[in-house]
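# Analysis of the macromolecular model
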Protein chains: 2
Amino acid sequence: MYYGQGDIRLEEVAEPEPGPGQVKVRVGYNGICGSDLHEYYAGPLAIPTSPHPLTGAKAPVTLGHEFGGWVEAVGEGVEDLPLGSLVAVDPIHTCGQCAPCKRGATNLCVMAAFHGLMAMGGGLSDHTVVERRMVHPLPAGLDARQAALVEPMAVAFRAARRAELESGQHVLIFGGGPIGLGAFFAARWFGAHPIVVEPSGDRRRTFTDLGATTVLDPTSDDVLAAVMDITGGVGVSATIDAVALPSTFAGAFESTARGGNIVMVGIPHEPLPFDPIAMFMSEVTLRASNAYADDFPATILAMAAGAYPTDGWVTSIPFERLIPDGLEALHAGRAMKILVAFGEDLS
Amino acid sequence: MYYGQGDIRLEEVAEPEPGPGQVKVRVGYNGICGSDLHEYYAGPLAIPTSPHPLTGAKAPVTLGHEFGGWVEAVGEGVEDLPLGSLVAVDPIHTCGQCAPCKRGATNLCVMAAFHGLMAMGGGLSDHTVVERRMVHPLPAGLDARQAALVEPMAVAFRAARRAELESGQHVLIFGGGPIGLGAFFAARWFGAHPIVVEPSGDRRRTFTDLGATTVLDPTSDDVLAAVMDITGGVGVSATIDAVALPSTFAGAFESTARGGNIVMVGIPHEPLPFDPIAMFMSEVTLRASNAYADDFPATILAMAAGAYPTDGWVTSIPFERLIPDGLEALHAGRAMKILVAFGEDLS
């Protein structure tokens, strides 16, 4: 339960039961997201302190929006989801009424509320209840750890999709955390050639171990020179900026070919150096990629095809160790993706 | 002949003749562009003062890049263009070798040179010679004045295309000059509903006379409130900014719906207020539209279908009056689009 900055408590809560159209999920794993860290160390930010207009939720809330598990019960009217099904959950609650909702852009719902942040009863719990619309059954061959990874991988999948990557193109990826890694997997899935930029040696090694051929250290490598060398002076077809710092944003404009795409998937926290004349001359397209809308099925498909190996970057911890081995370990840079396991057989 | 700032001279020059693959055009009309004014009052800007890398041209050059006329002679190897054909001319000379050229993005050619600015022998002349590739024959029913209007209308057509306008959508257009007007015509052609913002009363009247139903004065109307009223609080699907001032750029972000498109077709001359967090949250796509690439045929098609009436906004003057009735009249805001006529029968 998130009470406030630095105040997360492991508590017994009432077990939720599904109402009409809802699904009760027994959580297998719940990943810890960078936004959870932000809430813990700098929040409350997204977590409401007065009732959220859609959900009515406010702190204290149960955290956790990256989770997968098994269908344990369904509410009235839910007839297409066998009990025991392994599922991933799209955690965005929506109003269903606004213009973005009506065209399927659920991430842009004017009242969007993330389960585990702006709604009660998140995934860092033995059980959680969500709407049927949010539940995506997984095909055979995927496990509960992978189910919990679908959410962050869908964030990155959408970024790669919005970069309009085509087979054979070069794509520059700034940032080697989970989203940068997801963009790397998605870029490979689309047949593109990723160039990854990441200052941490541990993270660069993770990419290399996963088959990345070009992984640059921005503190010692000349990224622009490397990009121009690889692309014959043309620049990359697209840049995915999973960092959104002034240096990466400027680097994206320098490195992207005329007419190419820049996708900002990192959440910016400060002004970025925007040069309208350079943008005009190059006809580069700049777009953000915010969470996901219809991206879960395609991400799950790619995952089922083996495009998302988990070697070397995913760690599991028991629920009881959430704070020291989860939040604090991530904050100290000692891990890349930590999944909190529910049930002794999992961790 | 442009010699430098404030120094344009009407001179006799040698009549050009077409080499292999070239076409000699007898000019009917040549429009005066805002960039010609910039060169006259604030230049040289685009006009090279040392030899251009592609064309070798440098001042003095013959101005004029918005022109149409008739095929008077063709060079060796040009066999598909009957003498006397009415043609519009895409004025961009390209290298044909760079990555953008190879995929047809001629506007992004790394050595792109505009005829009449960075190449010798522009359209403000009785005759001019261009490459066959640059020549677009016009269908029956169009005249030489319209031929000269294809170029600026193609600029605006590309902007509307990059705004991804669909039938029934609302589009906000900042700027009621020739490019804003071209965007208005293109938006209507795509079935969209344009909302035009222009401070000049004369220009607003021109739009109204041409059938515009929503024309706002930013000095007295609350543009954002009007947009929200018209769109039921959602915002426009796209904004085409043909002004690119801080006020219009900020207005574009305020007025564009989540997930919409902002196209910057005005050339920015100063820093613009870029808010990366607003961009991230709204997933608005921002792109520039720079000149035209493959836009001439589609523009000509729309023009032949009657989508570009010339009533009330196009003036013709004789060549001899270029400076007082052309450059100076435009600079003083006394006209919208001025076509310089060659031959007494035309003016």
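The structure contained in this document is the topic of the report that follows. (Residues numbered from 1 in each chain as written. Chains lettered and ligands numbered in written order. Predicted model: local features only at pLDDT ≥ 70, side-chain atom pairs only at ≥ 80, totals over all residues. Heavy atoms only, no water.)

## Notes on the side chain of B:Asp295
All names here are of chain B. Here is the rule: Here a helix means four or more residues in a row that DSSP labels H or I, a strand means two or more in a row labelled E, and each is numbered from the N terminus. Only protein chains enter the accessibility calculation, which uses a 1.4 Å probe; a residue whose area is less than 20% of its type maximum is buried, one above 50% is exposed, and one in between is partly exposed. Think of a polar contact as two N or O atoms within 3.5 Å of one another; within protein, one of them needs to be a possible hydrogen donor and the other a possible acceptor, and neighboring residues in sequence only count if both atoms come from side chains. The criterion used for residue contact is that any of the two residues' heavy atoms lie within 4.5 Å.
Turning to its location among the elements, Asp295 is positioned in the loop between β15 (285-288) and α9 (296-304). Classification of Asp295 by relative accessible area gives buried; the value is 0%. One polar contact links Asp295 to Arg161, side chain to side chain, over a distance of 2.8 Å. In this structure the side chain of Asp295 is engaged in a polar contact, spanning 2.8 Å, whose partner is the backbone nitrogen of Ala293. When sequence neighbours within four positions are dropped, the list of residues in contact with Asp295 reads Ala154, Phe157, Arg158 and Arg161.

## Digging into unusual backbone geometry
All names here are of chain A. Cis peptide bonds are those with omega within 30 degrees of zero, and the linkage from Ala59 to Pro60 qualifies with 5 degrees. You can see Pro60 is positioned in the loop between α1 (34-42) and β4 (66-74). Within the chain, Ala244 stands out as a residue other than glycine whose phi angle is a positive 60 degrees. Relative to the helices and strands, Ala244 resides in the loop between β13 (236-241) and α7 (246-255).

## A word on the sheet that holds strand β14 (residues 256-264) of chain A
Here is the rule we go by: Only strands joined by at least two bridges in the DSSP assignment are considered to pair.
The strand order across the open sheet built from 12 strands is β12(A)-β11(A)-β10(A)-β13(A)-β14(A)-β15(A)-β15(B)-β14(B)-β13(B)-β10(B)-β11(B)-β12(B), with neighbouring strands paired in mixed fashion. The sheet is open, and its two borders are formed by β12 (215-216) of chain A together with β12 (215-216) of chain B, each paired with just one other strand.

## Describing the interface of chain A and chain B
Defined as follows: Buried area is calculated as the accessible area (1.4 Å probe) missing from two parts once they are joined, with the contributions of both summed. A carboxyl oxygen of Asp or Glu within 4 Å of a side-chain nitrogen of Lys or Arg is what we treat as a salt bridge. Throughout, the ten residues Ala, Val, Leu, Ile, Met, Phe, Trp, Tyr, Cys and Pro are labelled nonpolar, Asp, Glu, Lys and Arg are labelled charged, and all others, Gly among them, are labelled polar.
Taken together, the 36 residues of chain A in the interface contact 36 residues of chain B. Together chain A and chain B conceal approximately 2800 Å² of surface at their shared face, both sides included; 62% is due to carbon and sulfur atoms. When the buried area of chain A at its contact with chain B is split by residue, A:Arg258, A:Phe280 and A:Glu283 rank highest and sum to 28% of it. Run the count over chain A and chain B and you get four salt bridges. When the shortest N-O distance is used, the salt bridge between B:Arg158 and A:Glu283 registers 2.8 Å. Sort the elements by how many residues they give to the side of chain A that touches chain B and helix α8 (residues 276-282) of chain A lands first, with six residues. Class assignment of the residues belonging to the side of chain A that touches chain B gives a composition of 22 nonpolar, seven polar and seven charged. For strand β15 (residues 285-288) of chain A and β15(B), the ladder comprises three bridges, and the chain directions are antiparallel. By the bridge assignment, A:Leu286 is partnered in β15(B) with B:Leu286.

## Some points on the packing of aromatic side chains
We count it as follows: Geometry of aromatic contacts follows a simple scheme: Phe, Tyr and Trp rings, the Trp one being its six-membered ring, pair when their centres are within 6.5 Å, and the pair is stacked under 30 degrees between planes, edge-to-face over 60, tilted otherwise. A ring is considered to have a charge above it if a Lys NZ or an Arg CZ atom is located within 6 Å of its centre and within 35 degrees of its normal.
Throughout the structure, instances matching the rule amount to 23 aromatic pairs over all chains. An angle of 80 degrees between the planes, with centres 5.2 Å apart, marks the rings of A:Tyr292 and A:Phe296 as edge-to-face. Just as A:Tyr292 is buried, A:Phe296 falls in that class too. Taken together, the ring pairs connect A:Phe249, A:Phe253, A:Phe274, B:Phe249, B:Phe253 and B:Phe274 into an aromatic cluster. Positioned above the aromatic ring of B:Tyr3 is the side chain of B:Arg9, whose terminal nitrogen or guanidinium carbon lies 3.5 Å from the ring centre.

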